[in-house]
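# Summary of the model geometry
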Amino acid sequence: MASKHCPFEKLLVLNEVRRSIDKNIQKFWAGIQVEREKITIDADQFISIFLFIIVKSQVQDVQAQLHLIHNFCSDYLINVSQYGNTLMHIGLALGRLESLELSRIKEPNYLQ
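In this text the structure is predicted, and so the values were computed from the model without any measurement.

Thresholds, definitions, all that
- Residues numbered from 1 in each chain as written.
- Predicted model: local features only at pLDDT ≥ 70, side-chain atom pairs only at ≥ 80, totals over all residues.
- Heavy atoms only, no water.
- Disulfide = S-S within 2.5 Å.
- Phe/Tyr/Trp six-rings, centres within 6.5 Å; stacked < 30°, edge-to-face > 60°.
- Buried < 20%, exposed > 50% of the residue type's maximum accessible area, 1.4 Å probe, protein only.
- Lys NZ or Arg CZ within 6 Å of the ring centre and 35° of its normal.
- Helix = DSSP H or I, 4+ residues; strand = E, 2+ residues; numbered from the N terminus.
- Expected span 1.5 Å × (residues − 1).
- Contact = heavy atoms within 4.5 Å.
- Arc of directions from axis to C-beta.

### Quick word on the state of the cysteines
Scanning the entire structure with this criterion turns up zero disulfides. Cys73 takes part in no disulfide bond, and the closest cysteine sulfur, belonging to Cys6, lies 6.9 Å away.

### Topic: the packing of aromatic side chains
Following the criterion strictly, the structure yields three aromatic pairs and no others. A ring pair is formed by Phe28 and Trp29, whose centres lie 5.2 Å apart and whose planes are at 85°; its orientation type is edge-to-face. On the accessibility criterion, Phe28 (60% relative accessible area) is exposed. For Trp29, a relative accessible area of 29% puts it in the partly exposed group. Above the ring of Phe46, the side-chain terminus of Arg18 is found at 4.1 Å from the ring centroid.

### Some points on helix 5 (residues 82–99)
Here helix 5 is 18 residues long and its end C-alpha atoms lie 26 Å apart, about the 26 Å a rise of 1.5 Å per residue gives. Next to the buried residues of helix 5 lie helix 1 (7–29), helix 2 (43–57), helix 3 (62–72) and helix 4 (75–79).

### Description of helix 3
The set of residues buried in helix 3 consists of Val62, Gln65, Leu66 and Ile69. Seen end-on, helix 3 carries its buried residues on one side only, within an arc spanning 95°. Exposed residues on helix 3 whose side chains face more than 90 degrees from its buried face are His67 and Phe72. Packed against the buried residues of helix 3 are helix 1, helix 2, helix 4 and helix 5.

Remember, this is a structural readout, not a statement about activity or role.
Now the structure itself:
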């Protein structure tokens, strides 16, 4: 995302991450007989996945990147489209990350 300069290109990268998550979940369950409802990822699970991706990606200025997207993409993209849904989940993941007390990370059950 940091290598893209246009806010819409950054948004496309984020949406591709979300699509990749969906594809990999489907690929994981391919050929296994299970009810579709049991493999559906809910919002809380997506937030956890995005939280993991944000931490592992080590992008230094994620907040600034999201701020740029919010300020320079259209209201439709932010509020109505699937892109907006992706931004919302990433924003919630960042909020969760910011709320963590780093000194307690290694405590059993702290992150649950």
